[in-house]
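Chain residues, written in single-letter form:
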Amino acid sequence: MDASLILLALMDGVSYAALLFLVALGLTLIFGVMRILNIAHGSLYAWGGYFAATLGLAITSLALPPALGLPALFVAAIIIGGLLGTVLEFFLLRRILDKDPILQLLVTFAAFMVLEDLQRLIWGVQPIFVSDVVGQLGTLEVAGVTYTRYQLLVLPSVAVIAFLGLRWFLRKTALGRQVTAVTHHREIATAMGVNTNRVMWLTMALGGALGALGGALASPTTSFTPGIGAEMMVLSFAVVATAGLGQIGGAALAALMIGLARSFSIYLMPELEVLMPYLIMVAVLLVRPEGLFSTVATRRI
Amino acid sequence: MKLKTLCAIAAALAIGHGAATAQDKPAELKIGISTFTSGPASVFGVPGKAAAELLIDEMNKAGGIGGVKVTPIFIDEGIGGDKLLSEYRRLVQEQGVRTMLSAISSGNCNIVAPVAEDLKVLNVMWDCGTEKILESKRYKYVVRTQANATTEMVASVLYLLKVRPDFKTIAVVNQDYAWGRDSWEIFLATLKVFKPDVKVVAEMFPKLGASDFSTEISRLQALRPDVVLNTGWGGDLDTFVRQAGQRGLFKQNVTFVMPLLESSLERLGGAVPEGIIAGGRGDHYWAHPETRDDPKHKDFVAKFRAKTGSYPIYPTYHMAQALVGLKTGYESAIKANGGKWPSPEQVADAMRKMKFKAYGREITMREDGQGLEAQLLGLTKRHPKYPFAVIDQMVLIPAELVTTPVGQQSTTWVKSINPGLAKVLSTDEFKPHDFK
Amino acid sequence: MPSMRLAVVVAVLVAAVLGVTLWVPWLKTPVLIALADGLAVTGVIVLIRAGQVSFGHAMYACLAGYGVAFIGRALHLDALLLIALGTVAAALAGAVIGMFMVRYRGIFFGMLNLAFSMVLFSVLGKFGAVTGGTDGLRFDRPSFAGVHLEREGFEIALLALALGLAVIAGWAVQYYFRTVDGQALAAIKTNETRLEYLGISAKRVFWRAYTLSAGLCGLGGSIFALTQGLVTPEMGYWVRSGEVVFIAVLGGSAHAIGAFIGAFVFSFVKLYAAALLTAWQLVLGLVLIVMVFVAPTGIFGLIEKRLRAKPAAGHGGTP
């Protein structure tokens, strides 16, 4: 495999990893704060994509300036992700915080089933594809291969900005520090005066928006059909599990690892492509079940 | 409390239970139709259902089949193979349905074909393409009113050779499941008969429902094959075409062969460039060169557009073929039965010896239940009047040239095709028709 | 719950199921599928006893199913033998995987199971030349106890066998819960460290339970495969594993009979909701959410509460 093909595989892997990272980021954030694995997160990705496509179609049909296309994606994600995240948190997650973990998982699984059907009832079963944004930004050539600027520049930039932005938020702002505190120990944080209810709501809204953003950014390049939520769920879960639940920096590296593994395998051994994320997950979990980047927690008796 | 609940359940079931008794000239002819109304294949299933409703309505207005009204009962194949099986049997054993149109998915056809034989009900495979079912076993109750995968792939090879006779390299990007794999196997085996030295530069099988082909497209750009085959459909094909367009893959000197592109043309709109070899799994197209001006066809297209807002695509034509074939079969069986209502076995038998015509050329049914349907292939072209690409330079390839003979296996037959067959495409009979 | 009363109830249910399916023939398929699901769910209930949930146990049903298909196609063995072999294959796989699986608890246990099941799912889908790919493998109807039967007869025989196996499995699991091993298993949930202090190896207890659960899932998978005559990778998809856990909680994970109650309710709601509404996921999802808040002990928990004055120690209660 010569240098130019390696470069190509790298670029394909990075743009795929960017989307994966955004979705995984939301998932791991929610787990960190609420200690619940939100299985409905995959549906948020799907709803983000569908809603963004709907907004895109509205922009065209209302003859609004096409330059609104790209910002519309972000607006769509924030609206639908924030809304669904809030609804899930308020009606479901808040009320199962102290229940048996098995029941917690099942509630989010049930929410996933409900959201899948609702999505099908709202948007139907025909594939939806609104790609004007990509066309607007044009293409560029690397090593004799044409890439879209959207894929090569926009997606990774958004992922990097999201990552840095979230880190800055968690470390440097008061609200962010409160989120970190709740992540470490909810009870003590409450005892110290942190409004944990508000923190949890914020986290779900933010996590939901990130998941939806993954979908919204994927929608100009991908056809959205029923079932896409289930697939993204298990993939983003593979990223989060590999990185370590609640690890944000780790999620970026894990997403990159899985994205690159996938794109390299398409060049070298195409048959293994679908297996790669899960093989990596098994390998990591067997050796380090807490994930690659987590700190070992002391056991409480 | 338990006993009461049990009695209540038993009573409820008793009300729903109906014995399946054979009748002479029933009050209505119930037809079970399985189609995808959920899941990715609903892009075929929903138009197929709309066509069925439209056509059965018209059929009933003209007196139904043999004077009996037709009542369709739809099953969603999207509920999964095991639930489909339960529903199928429930319709047969509880509601007395003796005629089934099933299925779209080859996997589901594989499940229901033996069940139809067991239950002794007529099963018309109205859309699934797998040639293996009728080739592996002699069925009494199972027929297919359309062509199969072999016919479609061999015809595609012939058209490709007509359009670009001197290519050297080929790559394939197919969905990774039975159809994607089998269609490539047949295509390549046939191609090697005419071009033994053809070089396959890449074989890529992204999984069914993949949402991103950018790595596959990068690889194709790097390898620069002369021809790329993609037998995908639905969201997968849509995504591939759009992403390929965004990445400028269509600007390279590559000939794309997409045998199922017809079903995506309207949806893809301006994203389809010119010069792609497009097929529609048979000789049907709303602008079919021989039947476009046929009043019945024009009427069907107009009514379908009024009902669904879109032009008919190949599953709707397959549904039409199934219904027309069914009607012809019943009428033929009634005649052979001296005017009395026939059993499913008699209809299945009649359907093995008949010819019928829907909205394309006449289809001949063979003794093994396989229908002989010509294949329409052409090149995409942009037309000022339509916001989507149309098919131009259409050639109709007769079924007899490209269908596995009775009793043979496709995988062996394609290897024995006479290489001289390619010359037939340059004869006058196969002059391409323009889109009008 | 007094065992005499339970035995009578079970006998009545079995007779009712047999009677109804003989009277209404098309019910055989959904009932068989419900029984197969129920058997798989008893496996999951064993794990829930230890406070652990696996989001990948459908892989054992899937493995057993493919085992049945491969052997059925290659050797054309009798159905009874196929079921036995499928179950053994799943149990063996469970024993092997269990060897490193039992080191994990909680979310990590669930995740690792999920990871394994997705690897199996992807492999089955990808290597189609051997596995039939995403369309799966078909196999012909085998003989039953040496006799070649038509579809009707075969299904009646299979149904009777499945009912028998369901009763035996349910009884066996309940018996297992009462043994030292089973009580130790419950202790893994409440206080594993104390168990170790007693000198009992939690890992070994859990490993035995894991193997048992894999075998039960395999038994369910074998029966499912024989009912359908077709095995597909979907049998091992993560959503399917989630449904199995769903059924366990729906029916009531405290007692093995909850597995079957849950499986029947799930199967029939799915069938009718799909036929009437095409939104069965919505219906079932809402049902589960309501159940978790209103009746976390499942349907069986509700029934049990109504039939007894006060709960007996060691049985029932919150899972």
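Presented here is an overview of the structure given in this document. Counting restarts for each chain: residues are numbered from 1 in the order of the written sequence. Chain labels run from A onward and ligand labels from 1 onward, assigned in the order the entries are written. Selection of residues for local features in this predicted model requires a pLDDT of at least 70, selection of side-chain atom pairs for listing and counting requires 80 or more, and totals for whole chains, interfaces and linings are taken over all residues. Water and hydrogen atoms play no part in the side-chain values, which are based on all heavy atoms of the structure.

Strands are runs of DSSP state E lasting at least two residues, helices are runs of H or I lasting at least four, and both sets are numbered from the N terminus onward. What chain A contains, in helices and strands, is 12 helices and 2 strands. In terms of C-alpha radius of gyration, chain A reaches 19 Å, essentially the compact-globule figure of 19 Å for 301 residues. Overall, the C-alpha framework of chain A stretches about 60 × 50 × 35 Å when taken along its three principal axes. Of the contacts formed within chain A by residues at least 6 apart in sequence, a portion of 77% connects residues at least 24 apart. For the accessible areas, the method is Shrake-Rupley and the probe is 1.4 Å, while residue cover comes only from the protein chains on display. Accessible area of chain A: about 11400 Å², with a carbon and sulfur share of 69%. Radius of gyration: over C-alpha atoms. The globule rule applied is 2.2 Å multiplied by the number of residues raised to the 0.38 power. A contact between two residues is defined here by any heavy atoms of the two lying within 4.5 Å.

Turning next to the overall build of chain C. Looking only at helices and strands, one finds 13 helices and 2 strands in chain C. The C-alpha atoms of chain C give a radius of gyration of 19 Å, which matches the 20 Å a tight globule of 319 residues would have. Each principal axis of the C-alpha atoms in chain C carries an extent, and together these give about 50 × 45 × 40 Å. Accessible area is worked out with a 1.4 Å probe on protein chains only. A residue is then buried under 20% of its type maximum, exposed over 50%, and partly exposed in between. A total of 319 residues make up chain C; the buried ones form 61% of that total. Residue pairs at least 24 apart in sequence account for 79% of intrachain contacts in chain C once pairs closer than 6 positions are excluded. For chain C, the computed accessible surface area is about 11900 Å², with 70% contributed by carbon and sulfur atoms. Positive: Lys, Arg. Negative: Asp, Glu. His and the chain ends are not part of the count. The location of each charge is read from NZ of Lys, CZ of Arg, CG of Asp or CD of Glu. Here chain C holds 22 positive side-chain charges and 13 negative ones, and the gap between their average locations is 11 Å.

For the rest of this paragraph, the subject is empty space enclosed by the protein. Residues and elements named next belong to chain C. Each cavity reported here is a set of points on a 1 Å grid over the protein atoms alone in which a 1.4 Å probe fits but cannot get out, each pocket an open set with protein on both sides within 12 Å along at least five of seven lines, and each lining residue one with an atom within 4 Å of a point. Grid points are joined across faces, edges and corners, and a volume is the space filled by probe spheres set on the points. On inspection of all chains with the given rule, the structure shows 10 cavities of 30 Å³ or more. In this model, the second largest cavity occupies a volume close to 100 Å³. Taken together, A36, D37, A40, H57, A58, A61, G220, G221, F224, M235, R240 and V244 make up the full set of residues lining the second largest cavity. Sorting the residues of the lining of the second largest cavity by element identifies α2 (28–49), α3 (58–75), α9 (202–228) and α10 (238–251) as the ones contributing at least two each. Amino acids outside the nonpolar list (Ala, Val, Leu, Ile, Met, Phe, Trp, Tyr, Cys, Pro) and the charged list (Asp, Glu, Lys, Arg) are all regarded as polar, and Gly is one of them. Residues belonging to the lining of the second largest cavity are distributed by class as follows: 7 nonpolar, 3 polar and 2 charged.

This next bit is on unusual backbone geometry. Going from S102(B) to A103(B), the amide bond is cis rather than trans, its omega being 10°. With respect to the helices, strands and loops of the structure, A103(B) is situated in the loop between β3 (99–101) and α4 (106–119). Despite not being glycine, A63(A) shows a phi value in the positive range, around 60°. Structurally, A63(A) can be placed in the loop between α2 (41–61) and α3 (69–91). For A63(A), a relative accessible area of 66% translates into the label exposed. Phi angles above zero are rare outside glycine, and A145(C) is one such case at about 50°.

This part covers the pattern of salt bridges. Any two side chains of opposite charge can pair, so long as their charged atoms come close to each other. Only one rule defines a salt bridge in this text: a Lys or Arg side-chain nitrogen within 4 Å of an Asp or Glu carboxyl oxygen. Under the counting rule described, the total for this entry stands at 36 salt bridges over all chains. K28(C) is the salt-bridge partner of E152(C), the closest N and O atoms lying 3.3 Å from each other. Of the two residues, E152(C) is situated in helix α7 (residues 151–178) and K28(C) in helix α2; the sequence distance between them amounts to 124 residues. Take K28(C): its relative accessible area is 2%, and that puts it in the buried class. Through salt bridges with shared partners, one network takes in E271(A), D176(B), R181(B) and K126(C).

Moving on, we get to the interface of chain B and chain C. Contacts between chain B and chain C engage 31 residues on the former and 34 residues on the latter. Joining two parts hides part of their accessible area as seen by a 1.4 Å probe, and the buried area is that hidden amount summed over both. Both faces combined, the contact of chain B with chain C buries some 3100 Å², and carbon together with sulfur accounts for 62% of it. Counting the contacts that link chain B with chain C gives 4 salt bridges. For R89(B), the salt bridge is made with E152(C), and the minimal N-O distance between the two is 3.8 Å. A 3.5 Å cut-off defines polar contacts: any pair of N or O atoms within that distance qualifies, except that in protein one atom must be a possible hydrogen donor and the other a possible acceptor, and neighbouring residues in sequence count only when both atoms are side-chain atoms. For the pair chain B and chain C, the number of links is 6 residue pairs in polar contact (both at pLDDT 80 or more). Only α1 (2–16), α3 (81–95), α4 and α7 (178–194) of chain B provide two or more residues apiece to the side of chain B that touches chain C. At 10 residues, the largest contribution of residues to the side of chain B that touches chain C is made by α3(B). Of the residues in the side of chain B that touches chain C, the class split is 14 nonpolar, 7 polar and 10 charged.

All names here are of chain A. On the surface, a cluster of positive charge is contributed by R167, R171, K172 and R177. The element contributing the most residues to the positive patch is helix α6 (residues 149–172), with 3 residues. For R171, the location among the structural elements is in helix α6. Patch members must show over 30% relative accessible area and no salt bridge, and they are joined within 9 Å when carrying like charges or within 5 Å when they are nonpolar side chains of Val, Leu, Ile, Met, Phe, Trp or Tyr.

Residue and element names in this part refer to chain A. Ring pairs shown here join Phe, Tyr and Trp side chains whose ring centres sit within 6.5 Å, with only the six-membered ring taken for Trp; geometry is labelled stacked below 30 degrees between planes, edge-to-face above 60, and tilted in between. On inspection of all chains with the given rule, the structure shows 42 aromatic pairs over all chains. Consider the rings of F21 and F163, whose centres lie 5.9 Å apart with planes at 75°: the pair is edge-to-face. Of this pair, F21 sits in helix α1 (residues 3–34) while F163 sits in helix α6; the two residues are 142 residues apart in sequence, bridging distant segments of the chain. For the residue pair F21 and F163, the accessibility class agrees, reading buried in each case.

A few words on the nonpolar core. Only buried Ala, Val, Leu, Ile, Met, Phe, Trp, Tyr and Cys residues count toward a nonpolar core, and they belong to the same one when joined by side-chain atoms within 4.5 Å. Core analysis: the biggest nonpolar cluster contains 206 residues, and L185(C) and W238(C) have the highest contact counts within it. Per element, the largest residue contribution to this core is 15 residues, and it comes from α1(A). V143(B), L220(B), V254(B) and A322(B) belong to the second largest nonpolar core, which has 125 residues in total.

Attention now moves to the sheet that holds strand β9 (residues 255–258) of chain B. Residues and elements named next belong to chain B. Strand pairing requires that DSSP identify at least two bridges connecting the strands. Strand order across the open sheet formed by 7 strands is β7-β6-β8-β9-β10-β14-β15, with mixed pairing between neighbours. Looking at the sheet topology across the chains shown, the edges are occupied by β7 (199–204) and β15 (390–397). Pairwise comparison of adjacent strand axes, ignoring direction, gives a mean angle of 20° for this sheet. Summarising the sheet, strand β6 (residues 169–173) and β7 pair through 5 bridges and their orientation is parallel. Each residue of the ladder has a partner; that of A171, found in β7, is A202. Each axis is a line fitted through C-alpha atoms, taken for helices only over the stretch in contact, and angles between the N-to-C directions span 0 to 180 degrees.

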